[in-house]
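# Coordinate analysis (summary)
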Amino acid sequence: MAKQQTLTLLDFVTKKNNSEKKEQHKVNEEPESQQETQNEPEPIHQRKEWLEEAPEGRVYYLLSVDYDGKKGKAFMKLYDPEAKKMYILYDSTNHKPYFLVDLEPDKVSRIPKIVRDPSFDGLETVQKIDPYSGNKIKLTKIVVKDPLAVRRMRNAVPKAYEAHIKYFNNYIYDLGLIPGMPYRLEKGKLIPVQPKINESELEEVKKAFSDSDELTKTMALEWFPFLEAEAPSVKRVAFDIEVFTPSRGRVPDPEKAEYPIISISLAGSDGLKMVLVLKRSDVEQGNSFSSNNNLNGVKVEEFRTEYELLKRFLEILLNYPIILTFNGDDFDVPYIYYRALRLGFAPEELPFDIKYRETKYLAGIHVDLYKFFFNKAVRNYAFEGKYSEYNLDSVAQALLGVSKIKIDNIVTFLNLEKLAEYNYRDSELTLNLTMFDNELTWKLIILFARMSRMGIEELTRTEISTWIKNLYYWEHRRRGWLIPLKEEILARAAETKSSAIIKGKGYKGAVVIDPPAGIFFNIIVLDFASLYPSIIRNWNLSYETVDYEGCTKKEMIKDESGEVLHFVCRDKPGITAVITGLLRDFRVKIYKKKAKKSDIPPEQKAYYDVVQRAMKVFINATYGVFGAENFPLYAPAMAESVTALGRYVITSTVKKARELGLTVLYGDTDSMFLYNPPKEKLEEVINWVKQTFRLDLEVDKVYKLVAFSGLKKNYMGVYPDGKVEIKGMLAKKRNTPEFIKKEFEEVKGLVISMNSPDDVVKIKEKLTYKIKDIYNKLKNKGYYLDELAFKIMLSKPLEEYKKTTPQHVKAALQLQAYGIHVLPRDVIMYVKVKTKDGVKPVQLAKLNEIDTEKYIETVRTTFEQLLKAFGVSWDEISSVISINSFFK
DNA sequence: TATAAGGTGTTAGTGA
DNA sequence: TCACTAACACCTT
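Notes on the structure in this doc start here. Think of each chain on its own: its residues are numbered from 1, step by step along the sequence as written. Going through the entries in the order they are written, you letter the chains from A and number the ligands from 1. In view of the model being predicted, local features appear only for residues whose pLDDT reaches at least 70, and side-chain atom pairs are presented and counted only at 80 or more, with totals across whole chains, interfaces and linings using the full set of residues. For the side-chain quantities, the full set of heavy atoms in the structure was used; hydrogens and water were omitted.

A helix here means a DSSP run of H or I that spans at least four residues, while a strand means a run of E at least two residues long, and both kinds are numbered starting from the N terminus. Each helix and strand counted, chain A has 26 helices and 29 strands in total. The quantity called the radius of gyration is restricted to C-alpha atoms. Its globule counterpart is 2.2 Å times the number of residues to the power 0.38. Computed over its C-alpha atoms, the radius of gyration of chain A comes to 31 Å, within 12% of the 29 Å expected for a compact globule of 888 residues. With respect to the principal axes defined by its C-alpha atoms, chain A has extents near 95 × 85 × 60 Å. For each residue, the accessible area found with a 1.4 Å probe, counting protein chains only, is set against the maximum for its type, and the residue is called buried under 20%, exposed over 50%, and partly exposed in between. The 888 residues of chain A split such that 53% are buried. Residue contacts are defined here by distance: any two heavy atoms, one from each residue, within 4.5 Å place the two residues in contact. For chain A, the share of sequence-separated contacts (at least 6 apart) that also reach a separation of at least 24 residues comes to 71%. Asp and Glu count as negative and Lys and Arg as positive, but His and the ends of the chain are not part of the count. Charge coordinates come from a single atom per side chain, which is NZ of Lys, CZ of Arg, CG of Asp or CD of Glu. Taking the 136 positively charged and 125 negatively charged side chains of chain A as two groups, their mean positions are separated by 3 Å.

The following block contains the structure:
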């Protein structure tokens, strides 16, 4: 029945539009087609100018830089905060693409692949600085007319330097631009606008860096303005489309765009609330739009044809310089684009440029928030792991406390009122993800852009390693340093010498102290403030300082056993040490303090907290990227030095603490859990660390009690106010069935209630009874099927599980056979049953198929982690249970 | 175009 | 059948 209607609907919409569009189309095209005949023939879709040229004399925020292939020029997207409008500015400096070679010009001129290339422009001799020695070196610059020529030519020489940098980034480096910053446009050039900074704040910065080397001091003063400059609030709109789908579980293919767009919602920072709905004969209207509370203040417009709907959508969209989506890169934008073409729009009517896996918004900037929130560094450091699934619903729930509208059918079958409500909420959530907490997310994006010197479009679509790479490249260029080749960095340092504990890892990492099992009252946790970044700074670690042979002041790097792994050169400050130290000191000495100051307005405080968090992202990732094989400045000797020194520091400190009579129960990487320590002794260790290593050891946490399971990275800590922190325990893991999490939550209450060692025995007994209850409830099928489900994420497409077939994959295969499509990153919900496969997806299972024994096993391992702290063995519990059931 | 290593637990697959 | 390892997912620093 539904299928029949689908076909008629499709038919109707497509045909109707094709006849309509032609007339409208012609009207639009008239003036342009005249122009076309006068100029060179050009592809139609590149003729239209979506952005006006920026007028002179005004202040703009630089938001991105790109390359226009037709004009053969770099261009910038500039946001005018007064007009709330985006403008374009083409390069006026005649900047050209290039790369460098260490060959004499006359040798280069004998390479036909270079000089005969149609894009070859010329050769220049340039001077660069060797990052290792600081000596000047001469290189030949091969200048070309088109960035693609660099790709063609770079293989024609033995060593091509700086030949893998995207052209628009090269442009940013060479002009010393900082995206996210305000500039005044004068005579076609961008002049930085210095934010007002008061003297006392400047003094504070000088004081914070008084111990640093001269280079760091100068850089601190350069960085301060762009950390202080306010982030512009920009006019933006979020949108979301709903597409007709003939069956459940099928995601429509954007490139085919075979089904109608049935609704588009928009939510703007200027208060726009709108849904554009397609009138359809195959669904009901439902209640009136105005009677729906969730559509309060939302303007719903209905359209007879999809063509009109899209036309209206584009008309509204173009009022906004920034557009936001959640997964728009992979779905909404290409779908709209291809659907519009199908309906008869001409490419030049559409403000998008779609290439393979790349979508561009030509009339401004498109931020796909899915990509940004999926970014690992953003997730873990900026948002402290508050969301662990990456769909709109989970992210919005975690950050906004609001969910998507729940529907029990696919959108295709919703009545128009429900559809509008559902559709609008998605745009509202997407917009609010950039608005909440005083526009925290947007400010973070701007700060990241400034720190990485990257345009917003690239920034929001790449991971932290790209950000750090970009910052380092920019700084190399500013200093006139030659960016080294990866092979050179590897060749100039010694190989890694330590072996990792885990198979397949490159070098040895951190120390984890084996904890005892038990309940311990009054625990103080000492923690090194940013241990690895501090080590990098204090020991002057950098790719060009570790193992640099031409050095005069060498310092040995030893690990905890006294073995010498590498040496570091102290002749001049290492670039990584300078940048990391700079960020660390800014964060710890300035912004963390400012964020807590009582005498400044809360909004300002919140901003400083954003700055502090943005820095954390860069600081924490720096060590990691230099240890990552794919990173272009990969320096394993440096990364190995960091962890070796880390082990040396923590091991020496634990030893010192024990010598002072302190009881160190546990420690992981940079922390020490001390049992009931006297205050004086604490201070003594802290001072000793300061003097010995120039590192900050601080009291991080004070626990009323800690329940250690006896396993590493596995404990429960209770604060004096009853707040609980669970680390690593099975009950905490996302994939653990809900019924276990629920029961564990109750058990948690028992642990919290303890105030002294005397309570332990009493609670131990209660705990035993509680677990017995769970056991019985399970046996009697007292839980719902949903609660029993394991929730495990597919990390890759089903076909790629070749070596083994894990249970969640088995369940996913069953779903697939049933006609439900599954994709990487989908969370599969399955229960354990007594069939041959052993599992069934929740959707296909029944409560009486459940394999109770398997669930008892899961209960056992989960609760054992807590029972061990109480000194109770599972046998004790099961014996009590079996006696009871015997008597039953 | 993708930050590191250390750790726990479950299951599949393999070879004796 | 049993003991072991590899693969996988998720968490901690």
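A separate point is the nonpolar core. Counting residues in hydrophobic clusters, the biggest one holds 207 residues, and the most contacted among them are L541 and F586. At 18 residues, helix 13 (residues 416-452) tops the list of elements feeding residues into this core. Setting aside anything within four residues of it in sequence, one finds F586 in contact with V205, F209, A220, W223, F224, L227, Y591 and M615. We call a set of buried Ala, Val, Leu, Ile, Met, Phe, Trp, Tyr and Cys residues a nonpolar core when their side-chain atoms join them within 4.5 Å. V718, V842, I850 and I856 belong to the second largest nonpolar core, which has 58 residues in total.

Our focus in this paragraph is the sheet that holds strand 3 (residues 85-90). Criterion used throughout: strands pair if DSSP finds at least two bridges between them. Pairing within the open sheet is antiparallel, and its five strands lie in the order 3-2-1-8-9. The open sheet terminates on both sides in strands that have one partner only, identified here as strand 3 and strand 9 (189-192). For this sheet, the mean inter-axis angle between neighbouring strands, taken without regard to orientation, is 45°. Sheet topology note: the strand 1 (residues 59-68)/strand 8 (residues 182-186) ladder contains three bridges and is antiparallel. Residue pairing across strands places Y60 opposite Y183, the latter belonging to strand 8. Working convention: axes come from line fits to C-alpha atoms, limited for helices to the stretch in contact. Angles between N-to-C directions cover 0 to 180 degrees. Sheet strands in contact with helix 5 (residues 167-175) are strand 1 and strand 2 (73-80), and its direction is about 140° off that of strand 1.

The next thing to look at is the protein's contact with DNA strand B. Near, as used in this document, describes a residue that has one of its heavy atoms within 4 Å of the molecule or strand being considered. Residues in close proximity to DNA strand B total 38 residues, the closest being K166, S465, T466, K810 and K832. Near the protein, meaning within 4 Å, the atoms of DNA strand B are sugar or phosphate in a fraction of 84%, with bases accounting for the rest. In protein, a polar contact requires one atom able to donate a hydrogen and another able to accept it; more generally it is a pair of N or O atoms within 3.5 Å, and residues adjacent in sequence count only if both atoms are side-chain atoms. With respect to DNA strand B, the backbone of G506 contributes an N or O atom lying 2.9 Å from a phosphate oxygen. Within the side chain of N630, a nitrogen or oxygen atom sits 3.4 Å from a base nitrogen of DNA strand B. For the surface near DNA strand B, the elements supplying multiple residues, two or more each, are helix 11 (376-382), helix 15 (464-479), helix 19 (602-626), helix 24 (807-818) and helix 25 (852-870). Residue composition of the surface near DNA strand B, by class: 14 nonpolar, 13 polar and eleven charged. Amino acid classes used here: Ala, Val, Leu, Ile, Met, Phe, Trp, Tyr, Cys and Pro are nonpolar; Asp, Glu, Lys and Arg are charged; the rest, including Gly, are polar.

What follows covers the pattern of salt bridges. Just to be clear on terms, a salt bridge is a Lys or Arg side-chain nitrogen sitting within 4 Å of an Asp or Glu carboxyl oxygen. Scanning the entire structure with this criterion turns up 62 salt bridges. Among the ionic pairs, D696 bridges to R584, the shortest N-O distance being 3.4 Å. Within this pair, whereas D696 is found in the loop between helix 21 (679-693) and strand 24 (697-709), its partner R584 is found in helix 18 (residues 575-594), the two being separated by 112 residues in sequence. Overall, the relative accessible area of 22% leaves D696 in the partly exposed class.

To continue, consider unusual backbone geometry. Non-glycine residue N327 carries a positive phi angle of around 75°. Among the structural elements, N327 can be located in the loop between strand 14 (322-325) and helix 9 (328-342).

Turning our eyes to something else, we now look at the environment of S465. Of note, S465 is situated in helix 15. For the pair formed by S465 and A621, sequence separation is 156 residues and the distance between their alpha carbons is 7.8 Å. If we skip the residues at most four places from it in the chain, S465 touches V625 and F631.

It is worth spelling out the state of the cysteines at this point. What we call a disulfide is simply a covalent bond connecting the sulfur atoms of a pair of cysteines. Only a pair of cysteine sulfur atoms within 2.5 Å qualifies as a disulfide here. This structure, assessed with the given rule, holds one disulfide. Paired by a disulfide, C551 and C569 hold their sulfur atoms 2.3 Å apart. Its torsion about the S-S bond being 90°, the disulfide of C551 and C569 is classed as right-handed. Here C551 is found in the loop between helix 17 (531-538) and strand 20 (554-558), whereas its partner C569 is found in strand 21 (residues 564-569), with 18 residues between them in sequence. The pair C551 / C569 is uniform in exposure class, with both members buried.

Moving on, we come to the side chain of S530. Along the chain, S530 turns up in the loop between strand 19 (517-528) and helix 17. In this structure S530 touches R584 and R587, once residues within four positions along its chain are discounted.

Okay, the packing of aromatic side chains next. Classification of ring pairs rests on two measures: the distance between centres of Phe, Tyr or Trp rings, Trp counted by its six-membered ring, which must be within 6.5 Å, and the angle between planes, read as stacked under 30 degrees, edge-to-face over 60 and tilted in between. For the structure on display, the rule yields 50 aromatic pairs. Ring plane angle 45° and centroid distance 4.9 Å describe the contact between W223 and F226, whose orientation is recorded as tilted. Highlighted residues: W223 and F226, both in helix 7 (residues 214-228), separated by three residues, approximately one helical turn. With respect to class, W223 is no different from F226; both count as buried. Residues F739 and Y783 carry aromatic rings whose centres are separated by 4.6 Å and whose planes lie at 45° to one another, so their mutual orientation is tilted. Here F739, found in helix 22 (residues 738-752), pairs with Y783, found in the loop between helix 23 (759-779) and strand 27 (790-793); they are 44 residues apart in sequence, far enough to count as distant.

In the vicinity of DNA strand C, 22 residues are found, and the nearest of them are D670, G728, R734, S795 and Y801. Sugar and phosphate atoms form 94% of the subset of DNA strand C atoms that lie within 4 Å of the protein. Between K503 and DNA strand C, the recorded distance is 3.1 Å, taken from a side-chain N or O atom to a phosphate oxygen. Residue G728 places a main-chain N or O atom 2.5 Å away from a phosphate oxygen belonging to DNA strand C. Going through the elements one at a time, strand 26 (724-727) and strand 27 are the ones with two or more residues in the surface near DNA strand C. Sorting elements by how many residues they give to the surface near DNA strand C places strand 27 first, with three residues.

A few words on helix 24. Take the number of residues in a helix, subtract one, and multiply by 1.5 Å to get its expected span. A rise of 1.5 Å per residue sets the reference length of helix 24, with its twelve residues, at 16 Å; its end C-alpha atoms lie 17 Å apart and thus fit the reference within 8%. Along helix 24, the residues classified as buried are H808, V809, A811, A812, Q814 and L815. Taken together, the buried residues of helix 24 touch strand 27, strand 28 (827-832) and strand 29 (839-841). Of the residues one or two after helix 24, G819 is the one with positive phi, at around 105°.

We now examine helix 13. Since there are 3.6 residues in each turn of an α-helix, residues three or four apart along the chain are aligned in direction. For helix 13, built from 37 residues, the straight-helix expectation of 54 Å at 1.5 Å per residue is missed by more than 12%, its first-to-last C-alpha distance being only 45 Å. Maximal helix bending in helix 13 amounts to about 120°, located at D437. In terms of burial, helix 13 is a largely internal element, 31 of the 37 residues being buried. Once helix 13 ends, the next one or two residues include R453, with phi positive near 60°. Note that the bend at a residue is defined as the angle between axes fitted to the seven residues ending at it and the seven residues starting at it.

Attention now goes to the sheet that holds strand 14. Ordered in space as 13-12-11-10-14-17, the six strands form an open sheet in which the pairing is mixed. Whereas interior strands pair on both sides, the edge strands pair on one side only; in this sheet they are strand 13 (299-303) and strand 17 (365-368). Neighbouring strand axes in the sheet, compared pairwise and without regard to direction, differ in orientation by 20° on average. The pairing of strand 10 (residues 236-243) with strand 14 spans three bridges and is parallel. Considered in strand 14, the bridge of A238 is made with L324. Lying over the sheet, helix 8 (residues 306-317) contacts strand 10, strand 11 (261-268), strand 12 (273-278), strand 13 and strand 14, oriented at roughly 15° with respect to strand 11. Here helix 13 sits on the sheet in contact with strand 10, strand 11, strand 12, strand 13, strand 14 and strand 17, set at roughly 150° to strand 10.

Our next topic: the packing of helix 5 against helix 15. Running from amino to carboxyl end, helix 5 crosses helix 15 at an angle of 45°, the nearest separation of the two axes being 8 Å. By the angle class used here, helix 5 and helix 15 are oblique. The crossing of helix 5 and helix 15 is right-handed. Across the interface between the two elements, N169, N170, I172, Y173 and D174 from helix 5 touch N470, Y473, W474 and R477 from helix 15. For the contact of helix 5 with helix 15, the residue count by class is four nonpolar, three polar and two charged. These descriptions rest on fixed angle ranges, namely under 35 degrees for roughly parallel, over 145 for roughly antiparallel, 65 to 115 for roughly perpendicular, and the rest for oblique. Two helices crossing with the near one rotated counterclockwise from the far one by less than a right angle form a left-handed crossing, whereas a clockwise rotation gives a right-handed crossing.

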